[in-house]
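Fold and contact review
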Amino acid sequence: MMVGSLRKESFNRSVANVIVRELQRRDWQTEFAVLDDLPLMNQDIEFPTPTNVMRLREQVKTADALWIVSPEYNEMIPGVLKNALDWLSRPTKAGVFGAPDFIQDFPVVLSGAGGRKGAKVGLAHLMTLTKFMGMRPLPDSVGLRVPMAAFQTNRFDLDGDQKAAIIAQIAQLQSAVK
Ligand code: FNR
């Protein structure tokens, strides 16, 4: 799981927690990627690979799929998430060009929670980006509209339709990695 918000009470993290519970009920193991201690992408520090970048790569290499749950920031991909994906897109050895093999055709699921548009514009950018990187995003991303009341209570509970959309993504993921 990769969450595009670092906020302690992040709605997207709460959605990710719901997804984790649903995956666990179906015997999937999950791990969260840590994004807040990754260095900012800088080609001067790519080699030797920074330890935290190595950790992220290993997590992806040993996983069957990547599930990204992210808000949109100004209808774009939050910087921390873009930074992590930029690191994943880079060669793992000096002097080698192009994205590394381990992300080629790698299944990605895209969900997000946000305001009026339910983070859908940011998710469309994530679709374009992950395809560009050679990954294999599932065709149906799910944008979830956070109701106004949730911004007051700091609590976002998925409604029935939203939960169903997430469950449908799990089914698609199961087919995609079979
Ligand atoms: C936002 N927010 C936001 N919401 C939205 O629906 N569309 C947008 O373009 C933006 N832009 C935006 C930019 C920046 C810099 C911030 C910090 C926030 C609001 C955002 O969706 C809201 O704060 C969510 O609660 C963020 O997700 P988490 O942190 O709750 O997971």
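Here we summarise the structure given alongside this text. Position labels on residues start from 1 in each chain and follow its written sequence. With the structure being a predicted model, the display of local features is reserved for residues of pLDDT at least 70 and the display and counting of side-chain atom pairs for 80 or more, all residues being used for whole-chain, interface and lining totals. To obtain the side-chain values, all non-hydrogen atoms of the structure were used and water was disregarded.

**A few points about the pairing of strand S3 (residues 107-114)**
Let me state the cut-off plainly: Accessibility here uses a 1.4 Å probe with only protein chains present; expressed as a share of the type maximum, an area under 20% marks a residue as buried, one over 50% as exposed, and anything in between as partly exposed. Strands are runs of DSSP state E lasting at least two residues, helices are runs of H or I lasting at least four, and both sets are numbered from the N terminus onward. Only strands joined by at least two bridges in the DSSP assignment are considered to pair.
Of all the 8 residues making up S3, 8 are buried; the element is thus mostly covered by neighbouring parts of the structure. Of the two faces of S3, the one lined by Pro107, Val109, Ser111 and Ala113 and the one lined by Val108, Leu110, Gly112 and Gly114 are each fully buried. Note: strand S2 (residues 66-69) against S3, 4 bridges, orientation parallel. Residue pairing across strands places Val69 opposite Ser111, the latter belonging to S3. Relative to strand S4 (residues 136-137), S3 runs parallel, the two sharing 2 bridges. Opposite Pro107, over in S4, you have Arg136 as the bridge partner.

**Thoughts on the site of the ligand**
As a reminder, the rule being used: Think of it this way: one heavy atom of a residue within 4 Å of a molecule or strand is enough to make that residue near it. The definition of a polar contact used here is a pair of N or O atoms within 3.5 Å, where within protein one atom must be able to donate a hydrogen and the other to accept one, and adjacent residues in sequence count solely through side-chain atom pairs. The Shrake-Rupley method, run with a 1.4 Å probe, gives the accessible areas here. Residue values count only the displayed protein chains as cover. Think of it as three bins: nonpolar holds Ala, Val, Leu, Ile, Met, Phe, Trp, Tyr, Cys and Pro, charged holds Asp, Glu, Lys and Arg, and polar takes everything else, Gly as well.
Around the ligand there are 13 residues in total, and Ser5, Arg7, Ser10, Asn12 and Gly115 lie nearest to it. Ser5 is positioned with one of its side-chain polar atoms (N or O) 2.6 Å from an oxygen atom of the ligand. In the environment of the ligand, an oxygen atom lies 2.6 Å from a nitrogen or oxygen atom belonging to the side chain of Ser10. Taken by itself the ligand offers 620 Å² of open surface, and the protein chains cover 69% of this. For the shell around the ligand, the class distribution of residues is 4 nonpolar, 6 polar and 3 charged.

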